[in-house]
Amino acid sequence: MALEITDSSFQDTVLKSDKPVLVDFWAVWCGPCRTLGPIIEEVASDFEGKAVVGKVDVDNNQEISMQYGIRNIPTVLIFKNGEVVDKLVGVAPKDVIAEKLSAHL
């Protein structure tokens, strides 16, 4: 299951992770985000133990959203060694997301 990442947990969960981290920036009211949600959960399950998969609610965690310039949601960022190494904006199929994450394992 995807972790809930907050402004306060972001540094430890994402930036200090020794594994690649996929972060889904989303909001409850966002229709495309609700479409992407189950895909992110499947990716979290598929990559368990190999990568960290989490979600940031942009309404409740505006500091991180602003820091990374999130203007459109859903936006998926992939981090490795504390740096953004890939980005997807909008809904993408599971195989595309998994391929992008696999490239950073």
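Scroll up a little and you will see the structure.
Bear in mind that the values here come from a model prediction, so they are computed numbers and not experimental data.

Student: Explanation requested: the pairing of strand 5 (residues 83-89) in the structure shown.
Tutor: The side chains of a regular strand alternate between the sheet's two faces. For strand 4 (residues 75-80) and strand 5, the ladder comprises 6 bridges, and the chain directions are antiparallel. When the sheet's bridge partners are listed, Ile78 is paired in strand 5 with Asp86. Joining the antiparallel neighbours strand 4 and strand 5 is a turn of 2 residues, in which Asn81 adopts a positive phi near 55°.

Student: In this structure, what is going on with the state of the cysteines? I would like to understand it.
Tutor: Any covalent bond linking the sulfur atoms of two cysteines counts as a disulfide. In total, this model carries 1 disulfide according to the counting rule given. Residue Cys30 pairs covalently with Cys33 via a disulfide, S to S 2.3 Å. Torsion about the S-S bond of the Cys30 and Cys33 cystine: about 80°, corresponding to right-handed handedness. Summarising the burial analysis for this pair, Cys30 and Cys33 share the class buried.

Student: What exactly am I supposed to notice about helix 4 (residues 94-102) here?
Tutor: An α-helical turn contains 3.6 residues, so any two residues separated by three or four positions project in the same direction. Along helix 4, the residues that are buried comprise Ile97, Ala98 and Leu101. On an axial view of helix 4, the arc spanned by its buried residues comes to 95°, and they lie on one face. For helix 4, exposure combined with an orientation more than 90 degrees from the buried face picks out Asp95 and Glu99.

Student: In this structure, what is going on with unusual backbone geometry? I would like to understand it.
Tutor: Of all residues except glycine, most have a negative phi; of all peptide bonds, most are trans. Ile73 connects to Pro74 through a cis peptide bond whose omega is 0°. Turning to its location among the elements, Pro74 is positioned in the loop between helix 3 (62-67) and strand 4.

Student: What is the right way to read the packing of aromatic side chains from this model?
Tutor: A ring pair, where both rings are aromatic, is described by two values, the distance of the centres and the angle of the planes. Counting across every chain of the model gives 3 aromatic pairs. These aromatic residues form a ring-pair network of at least three members: Phe10, Tyr68 and Phe79. The ring of Trp26 has Lys55 lying over it, and the distance from NZ or CZ to the ring centre is 5.0 Å.

About the cut-offs
Residues numbered from 1 in each chain as written. Predicted model: local features only at pLDDT ≥ 70, side-chain atom pairs only at ≥ 80, totals over all residues. Heavy atoms only, no water. Pairing = 2+ DSSP bridges. Helix = DSSP H or I, 4+ residues; strand = E, 2+ residues; numbered from the N terminus. Disulfide = S-S within 2.5 Å. Buried < 20%, exposed > 50% of the residue type's maximum accessible area, 1.4 Å probe, protein only. Arc of directions from axis to C-beta. Phe/Tyr/Trp six-rings, centres within 6.5 Å; stacked < 30°, edge-to-face > 60°. Lys NZ or Arg CZ within 6 Å of the ring centre and 35° of its normal.

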